[in-house]
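The residues making up each chain are set out below.
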Amino acid sequence: MAEITKIDKLNGKNYQSWKYNVKLVLMERGLWGFTQEGKEIPPDENATNAVKNAFQLQSDKAYSDCLKR
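Residues numbered from 1 in each chain as written. Predicted model: local features only at pLDDT ≥ 70, side-chain atom pairs only at ≥ 80, totals over all residues. Heavy atoms only, no water.

**Student:** Tell me about the overall build of the protein, and name the residues and values.
**Tutor:** Along the backbone of the protein there are 2 helices and 0 strands. When the 69 residues of the protein are sorted by exposure, 19% land in the buried category. The contacts in the protein between residues at least 6 apart in sequence include a share of 51% that link residues at least 24 apart. Of the roughly 5500 Å² of accessible surface on the protein, a fraction of 53% belongs to carbon and sulfur atoms. (Helix = DSSP H or I, 4+ residues; strand = E, 2+ residues; numbered from the N terminus. Buried < 20%, exposed > 50% of the residue type's maximum accessible area, 1.4 Å probe, protein only. Contact = heavy atoms within 4.5 Å. Areas by Shrake-Rupley, 256 points an atom, 1.4 Å probe, with all protein chains shown as cover.)

**Student:** An account of the side chain of Asn 14 is requested, with residue identities and associated values reported.
**Tutor:** Position of Asn 14 among the secondary structure elements: in the segment before helix 1 (15-28). On the basis of relative accessible area, Asn 14 is assigned to the buried category, the value being 12%. Among the polar contacts listed, one links the side chain of Asn 14 to the backbone nitrogen of Asn 11, at a separation of 2.7 Å. Leaving out residues up to four positions away in the same chain, Asn 14 has contacts with Asp 8 and Lys 9. (Polar contact = N/O pair within 3.5 Å; in protein donor to acceptor, adjacent residues only side chain to side chain.)

**Student:** Explain the nonpolar core to me, and be specific about the residues and the numbers.
**Tutor:** Ranked by size, the top nonpolar core spans 7 residues in total: Ile 7, Trp 18, Val 22, Val 25, Leu 26, Leu 31 and Ala 62. In terms of residue count, the dominant contributor to this core is helix 1 (4 residues). (Core = buried A, V, L, I, M, F, W, Y, C linked by side-chain atoms within 4.5 Å.)

**Student:** If you had to explain helix 1 to someone new, which residues and values would you point to?
**Tutor:** An α-helical turn contains 3.6 residues, so any two residues separated by three or four positions project in the same direction. The end-to-end C-alpha distance of helix 1, which contains 14 residues, comes to 20 Å, matching closely the 20 Å that a straight helix rising 1.5 Å per residue would cover. Turning to helix 1, its buried residues are Trp 18, Val 22, Val 25 and Leu 26. The buried residues of helix 1 occupy an angular sector of 95 degrees when the element is viewed end-on, so they sit on one face. Facing away from the buried side of helix 1 by over 90 degrees, the exposed positions are Gln 16 and Tyr 20. Looking at the residues trailing helix 1, positive phi occurs at Gly 30, about 70 degrees. (Expected span 1.5 Å × (residues − 1). Arc of directions from axis to C-beta.)

This is the structure we're talking about:
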């Protein structure tokens, strides 16, 4: 499946299609769970720094992908 690379900027007329396309991009990249409350649970305090950093990187990536669209 080809990656979605261009989504029209959000405006007053395209919210539904914009929302759908952003969701597809995040799902394709394995980041959709970060938009769903309680779906992506941060690692506990005993997790290694590598695990904590990987989680934070994925979370940041999901947030920034939403903003870029």
